Amino acid sequence: MQLQQLRYFVAVAETRHFTRAAEAAHVAQPSLSQQIRSLERELGAELFHRTRGNIALTDAGDALLPLARRILADTESARLAVQETVQLRRGRVRLGAPPSLCTSLVPDVLRVFRDRYPGVALVVREGGSRDLVRSLAEGELDLALIITPPSGEAQPALALTELLHEALVLVSRDAPGRRRRVRVAELRGWPLVMFREGYDLREATLAACRAAGFEPEFAVEGGEMDAVLGFVRAGLGPAVLPGMVAHRSGLAVTPFAGEGLGRTIAVAHGHEVPPTRAAAALRETLLAHLHDAARDGELPLGTRLLL
């Protein structure tokens, strides 16, 4: 049974005339009649009583007509749903990002995307970069913002584009003296507010301190981003934060001297599966937002665009 046959059947049922039905369907009358005959053979029943000047539905035709209309209506609904998705009036994007980016970059990008494509549902998953890479590989995310490993470790399962190099800075309730910069070595003996294990920022801070020849002390550890900011505001100690978060925090910000600390942010999707139309649109929105921010001088000091 073919959809075209059902369309011809409904046209004949509604016009009660083969020639007029053919004209309405924009098909030659012999072709329409042949398709109706083929449908009747497949169903094993005549659908119309054919008498000169009078076309009437048989019992089988009466039974088929509401079903045929429903099938054609559902087909049209399916066609419209796909068109709306392609034209980004509907759809879904599953985005993964570390908590630090969900606090800084992601909200601005999602606001622009939501204004432009209000019918597309947005699902955000926070997590560490390793977990997000795993979720991408397993098809649980469409896109992810990740922190690339300092070693440049290859990610063969991902199509990855580096976006930003972001400076890490020291934040505290009060600026440390009147100095404008601090060296990593000066954190020795200075109890820090530290993120939980598995947090990208924890690993970056520990690596920098160890490279400077010491193990850092902790005033308190184990928090997520909001908790760490709260602990610093309470005066428990300073913390190392990304520049984009630090400059929105209302805390005193002190850059690191020299090359200092930093991290590279990339956007990634599965290598073997191209992003959906909605995911591609979100990626384009992200890139445009970063270019606009760089052009307008809105990126924090020490953060540079890599595109």
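### Quick notes on the side chain of His289
- Note that His289 resides in helix 11 (residues 277-295).
- For His289, a relative accessible area of 19% translates into the label buried.
- Discounting residues that sit within four places of it in the chain, His289 has contacts with Leu105, Asp108 and Val109.

### Considering the confidence of the model for the protein chain
- In this model, the protein chain carries an average pLDDT of 88, and 94% of its residues clear a pLDDT of 70 or more.
- Ranking the elements of the protein chain by mean pLDDT puts helix 4 (residues 59-86) last, at 85, and strand 7 (residues 192-195) first, at 95.

### Describing helix 2 (residues 18-25)
- Within helix 2, burial applies to Phe18, Ala21 and Ala22. When helix 2 is viewed along its axis, its buried side chains cluster within an angular range of 100° and face the same direction. For helix 2, exposure combined with an orientation more than 90 degrees from the buried face picks out Glu23 and Ala24.
- On its buried face, helix 2 sits against helix 1 (3-15), helix 3 (29-43), strand 1 (48-51) and strand 2 (54-57).

### Digging into the environment of Ala56
- Mapped onto the elements, Ala56 comes out in strand 2.
- By relative accessible area, which is 22% here, Ala56 ends up partly exposed.
- Here the alpha-carbon distance between Ala56 and Ala13, two residues 43 residues apart in the chain, equals 7.6 Å.
- In this structure, Ala56 is in contact with Arg16, Leu47, Phe48 and His49, ignoring residues within four places of it in sequence.

### Remarks on the nonpolar core
- Ranked by internal contacts, the top residues of the largest apolar core, which has 30 residues, are Leu101, Leu105, Leu145, Leu163, Leu282 and Leu286.
- Of all elements in the fold, only strand 3 (92-97), helix 5 (99-103), helix 6 (105-116), strand 5 (143-147), strand 6 (158-172), strand 11 (261-270) and helix 11 reach the threshold of two or more residues within this core.
- In terms of residue count, the dominant contributor to this core is helix 11 (eight residues).
- Excluding residues that lie within four positions of it along the chain, Leu282 makes contacts with Val93, Leu95, Val109, Leu110, Phe113 and Leu143.
- Counting residues in each nonpolar core, the second largest holds 28 residues, with Leu201, Leu229, Ala239 and Val240 among its members.

### Brief notes about the packing of aromatic side chains
- Under the defined criterion, the tally for this structure stands at four aromatic pairs.
- Where Phe18 meets Phe48, the ring centres are 5.9 Å apart and the plane angle is 70°; that geometry is what we call edge-to-face. Linking Phe18 in helix 2 with Phe48 in strand 1, this pair joins segments that are 30 residues apart in sequence.
- When the ring of Phe195 is compared with that of Tyr199, the centres are 4.5 Å apart and the planes differ by 5°; the resulting orientation is stacked.
- Among the aromatic residues, those joined into a ring-pair cluster are Phe9, Phe18 and Phe48.

### Describing the packing of helix 6 against helix 11
- Two elements in contact, helix 6 and helix 11, have axes whose closest approach is 9 Å; the angle formed by their N-to-C orientations is 120°. With respect to helix 11, the axis of helix 6 lies oblique. Note on packing geometry: the crossing formed by helix 6 with helix 11 is right-handed. Contacts from Leu105, Asp108, Val109, Leu110, Val112, Phe113 and Arg116 of helix 6 reach helix 11 at Ala278, Ala281, Leu282, Thr285, Leu286, His289 and Leu290.
- For the contact of helix 6 with helix 11, the per-class residue count stands at 10 nonpolar, two polar and two charged.

Here is what the cut-offs are and how they apply
- Residues numbered from 1 in each chain as written.
- Predicted model: local features only at pLDDT ≥ 70, side-chain atom pairs only at ≥ 80, totals over all residues.
- Heavy atoms only, no water.
- Helix = DSSP H or I, 4+ residues; strand = E, 2+ residues; numbered from the N terminus.
- Buried < 20%, exposed > 50% of the residue type's maximum accessible area, 1.4 Å probe, protein only.
- Contact = heavy atoms within 4.5 Å.
- pLDDT = per-residue confidence, 0-100.
- Arc of directions from axis to C-beta.
- Core = buried A, V, L, I, M, F, W, Y, C linked by side-chain atoms within 4.5 Å.
- Phe/Tyr/Trp six-rings, centres within 6.5 Å; stacked < 30°, edge-to-face > 60°.
- Axes fitted to C-alpha atoms, helices over the stretch in contact; angles between N-to-C directions.
- Parallel < 35°, antiparallel > 145°, perpendicular 65-115°, else oblique.
- Left-handed = near helix turned anticlockwise from the far one by under 90°.
- Nonpolar A, V, L, I, M, F, W, Y, C, P; charged D, E, K, R; others polar.

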